Amino acid sequence: TITYRIQIDNESSFADPIIIDNLSVPTHNYITNQTLAEGAYFWRVATITSDTNSSFSSNRSFLVDTIFPNISLINPTQVNFSNLSQSFIFVNTSVVEVNGFNVTINLLNISGSVVRTNSTKNNTAFFSNYTGLTDGNYTINISVNDSSGNLNYTERLIILDTTAPQNVSNIG
């Protein structure tokens, strides 16, 4: 009979493994019923036959990450539904995320088409200045996707209107 011994630990030395399981069935998949806290883990496996123990495989690693990235829009980013007499939009973001991540800022027009886009990787502070914009309604869509696939996003609606009001002189 072949048994597989699986060890999981948050230390690569495996001095005090969190999980030690012996599986006596041939399998290529392993799912633990133990809940693991957020963080990095290491695992290894050994094959144990009835007459001998084998050495463990090389260490492999995995990450438990269920926390969504945190996005903040900071000054000089305008508040939602701002009505501005200018032809530019500033976007200043701050991201809190302990693992690798991508930030994408999309500037969309009123029909939802992307007018401009910027992106960065693993940059906790990201500033964009969209210039030369025509009058109209714009949506700023900021999304952050971390290395575990957790996605968070926020949006702002900005109205640009540089046209001065017309003078009405034929009043009653």
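These numbers come from a predicted model, not from an experiment. (Residues numbered from 1 in each chain as written. Predicted model: local features only at pLDDT ≥ 70, side-chain atom pairs only at ≥ 80, totals over all residues. Heavy atoms only, no water.)

Asker: How would you summarise unusual backbone geometry if you had to cite specific residues and measurements?
Answerer: With an omega of 15 degrees, the peptide bond between asparagine 75 and proline 76 qualifies as cis. Take proline 76: it is sitting in the loop between strand 5 (70-73) and strand 6 (82-84). Of note in the backbone geometry, phenylalanine 14 takes a positive phi value of approximately 55 degrees without being a glycine. Looking at the secondary structure, you find phenylalanine 14 in the loop between strand 1 (2-9) and strand 2 (19-23). Within the chain, asparagine 122 stands out as a residue other than glycine whose phi angle is a positive 55 degrees. (Helix = DSSP H or I, 4+ residues; strand = E, 2+ residues; numbered from the N terminus.)

Asker: Mind laying out the sheet that holds strand 1, listing which residues take part and the relevant values?
Answerer: One key point about sheets: their strands pair by backbone hydrogen bonds, in either a parallel or an antiparallel sense. The four strands are arranged 2-1-3-4 in an open sheet whose pairing can be described as antiparallel. Every other strand in the sheet has two partners, leaving strand 2 and strand 4 (60-64) as the edge strands with one partner each. When strand polarity is set aside, the average angle formed by the axes of neighbouring strands in this sheet is 25 degrees. Of the strand pairs in this sheet, strand 3 (residues 39-49) and strand 4 are connected by five bridges, and their pairing is antiparallel. Paired with phenylalanine 42 across the strands is serine 61, a residue of strand 4. (Pairing = 2+ DSSP bridges. Axes fitted to C-alpha atoms, helices over the stretch in contact; angles between N-to-C directions.)

By themselves, these figures tell us nothing about what the structure is for.
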